[in-house]
Amino acid sequence: MAQLAAEYQGQRLELTKNETRILACLMKKGLCTKEELVEDLWQNSLYVDENTLYVNVNRLREKLKRAGAGEFIRTVRGVGYRL
């Protein structure tokens, strides 16, 4: 099984599949709406609570914070998230 990880300033961050997808979307677009992220992460699910996305983003933020990138992901109120 392939490991999902990112590296920041020489520190390796072990990421979940969802964390990797969130980070990839943000790196590709710079700004991702909540709807884009939910569709990308859970495209086959009938219903996903917005809180589920919030939890995944916060886990990713915590991992980035431990690596020294604490303010890397910012919330854009009413829209989504940006780098």
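What counts as what
Residues numbered from 1 in each chain as written. Predicted model: local features only at pLDDT ≥ 70, side-chain atom pairs only at ≥ 80, totals over all residues. Heavy atoms only, no water. Pairing = 2+ DSSP bridges. Helix = DSSP H or I, 4+ residues; strand = E, 2+ residues; numbered from the N terminus. Axes fitted to C-alpha atoms, helices over the stretch in contact; angles between N-to-C directions. Contact = heavy atoms within 4.5 Å. Salt bridge = Lys/Arg side-chain N within 4 Å of Asp/Glu carboxyl O. Buried < 20%, exposed > 50% of the residue type's maximum accessible area, 1.4 Å probe, protein only. Disulfide = S-S within 2.5 Å.

Trainee: Just checking my understanding: could you explain the sheet that holds strand 4 (residues 74-76) for this structure?
Mentor: Strand pairing in a sheet takes place through backbone hydrogen bonds and is either antiparallel or parallel in direction. The strand order 3-5-4 describes an open sheet built from 3 strands, whose pairing is antiparallel. Every interior strand has two partners, whereas the edge strands, strand 3 (31-33) and strand 4, have only one. When the angles between neighbouring strand axes are averaged without regard to direction, this sheet yields 30°. Where strand 4 lies against strand 5 (residues 80-82), 3 bridges are found, and the strand directions are antiparallel. Across the sheet, the residue bridging to Arg 74 is Arg 82, located in strand 5. This element, helix 1 (residues 17-29), spans strand 3 and strand 5 of the sheet and lies at about 125° to strand 3.

Trainee: Would you mind showing me how to read the pattern of salt bridges here?
Mentor: Side chains bearing opposite charge may pair, as long as their charged atoms lie close to each other. With the rule as written, the count across this model stands at 4 salt bridges. One salt bridge in this structure joins Arg 12 and Glu 14, with 2.9 Å as the shortest N-O distance. Residue class for Glu 14 comes out partly exposed when judged on its relative accessible area of 42%. Between Lys 34 and Glu 50 there is a salt bridge, with the nearest N and O atoms lying 3.2 Å from each other. With Lys 34 in helix 2 (residues 34-41) and Glu 50 in helix 3 (residues 50-66), the pair connects residues that are 16 residues apart, well separated along the chain.

Trainee: Explain the state of the cysteines to me, please; I cannot follow it from the model alone.
Mentor: Here, disulfide denotes a covalent bond that connects the sulfur atoms of two cysteines. Applying the stated rule across the entire model yields 1 disulfide. The disulfide partner of Cys 25 is Cys 32, and the gap between their sulfur atoms is 2.3 Å. Residues Cys 25 and Cys 32 are joined by a disulfide whose S-S torsion is about -115°; by sign, that bridge is left-handed. Across this residue pair, the class does not change: Cys 25 and Cys 32 are buried.

Geometric values such as these leave the question of function open.
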